[in-house]
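Each chain, written out:
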Amino acid sequence: MTDSNKIGFTYFKLNSIQSHFISQIACGYDHVLLLTSSGFLYSFGQNALGQLGHQSSGEEMKEPAIIFQLLNLKVFSISCGKYHNMVIGTARDTLTQTF
């Protein structure tokens, strides 16, 4: 194998999610979704068409950020298209019962 046929990889630490266990990763054309074992969804990458699910479309996000609009949803499956995403989840129980 010549040097021109080698595949290179770059590794970097994602500080914003270092304390979370990532259970699923989905990749779009230039964006990524990360699902935690607790059912919270993070996204990062290009956001030209609002595909990251954050308020500010058009900005690139270099660190994963939680998608606040989905905090009341416990996500258990994710999928990315070129410029869109699909998530499947259930409503989180927001009521607290005290005894």
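Residues numbered from 1 in each chain as written. Predicted model: local features only at pLDDT ≥ 70, side-chain atom pairs only at ≥ 80, totals over all residues. Heavy atoms only, no water.

1. A short note on the side chain of S43
So, point 1. Considering the arrangement of structural elements, one finds S43 in strand β3 (residues 41-45).
So, point 2. A polar contact is formed between the side chain of S43 and the side chain of H54, at a distance of 2.8 Å.
So, point 3. Beyond its immediate stretch of four places on either side in the chain, S43 contacts V32, L33, L52, H54, E63, P64, A65 and I67. (Helix = DSSP H or I, 4+ residues; strand = E, 2+ residues; numbered from the N terminus. Polar contact = N/O pair within 3.5 Å; in protein donor to acceptor, adjacent residues only side chain to side chain. Contact = heavy atoms within 4.5 Å.)

2. Some words on the nonpolar core
So, point 1. Ranked by size, the top nonpolar core spans 9 residues in total: A26, L33, L35, L41, I67, L73, V75, I78 and C80.
So, point 2. When residues of this core are traced back to their parent elements, those giving at least two are β2 (31-36) and β5 (73-80).
So, point 3. Per element, the largest residue contribution to this core is 4 residues, and it comes from β5. (Core = buried A, V, L, I, M, F, W, Y, C linked by side-chain atoms within 4.5 Å. Buried < 20%, exposed > 50% of the residue type's maximum accessible area, 1.4 Å probe, protein only.)

3. Let's talk about the sheet that holds β2
So, point 1. With antiparallel pairing, the 4 strands of this open sheet are ordered in space as β1-β2-β3-β4. Where the open sheet ends on each side, the last strands, each with one partner, are β1 (22-27) and β4 (61-66). With strand direction ignored, the average angle separating the axes of adjacent strands in the sheet is 15°.
So, point 2. Across 3 bridges, β3 lies against β4 in antiparallel orientation. From the neighbouring strand, G45 faces β4, where its bridge partner is M61. (Pairing = 2+ DSSP bridges. Axes fitted to C-alpha atoms, helices over the stretch in contact; angles between N-to-C directions.)

4. Some words on the environment of Q55
So, point 1. Among the secondary structure elements, Q55 is positioned in the loop between β3 and β4.
So, point 2. Considered as a pair, Q55 and F68 are 13 residues apart in the sequence and their alpha carbons are 9.3 Å apart.

5. Observations regarding the packing of aromatic side chains
So, point 1. As enumerated under the stated definition, the model contains 1 aromatic pair in all.
So, point 2. The ring of F40 has R92 lying over it, and the distance from NZ or CZ to the ring centre is 3.9 Å. (Phe/Tyr/Trp six-rings, centres within 6.5 Å; stacked < 30°, edge-to-face > 60°. Lys NZ or Arg CZ within 6 Å of the ring centre and 35° of its normal.)

6. Notes on a nonpolar patch on the surface
So, point 1. Together, Y29, L49 and Y83 give the surface a local cluster of nonpolar side chains, amounting to about 370 Å² of exposed area.
So, point 2. Relative to the helices and strands, Y29 resides in the loop between β1 and β2.
So, point 3. When its relative accessible area of 57% is taken as the criterion, Y29 is described as exposed. (Patch = residues over 30% accessible without salt bridge, like charges linked within 9 Å, V, L, I, M, F, W, Y side chains within 5 Å. Areas by Shrake-Rupley, 256 points an atom, 1.4 Å probe, with all protein chains shown as cover. Salt bridge = Lys/Arg side-chain N within 4 Å of Asp/Glu carboxyl O.)

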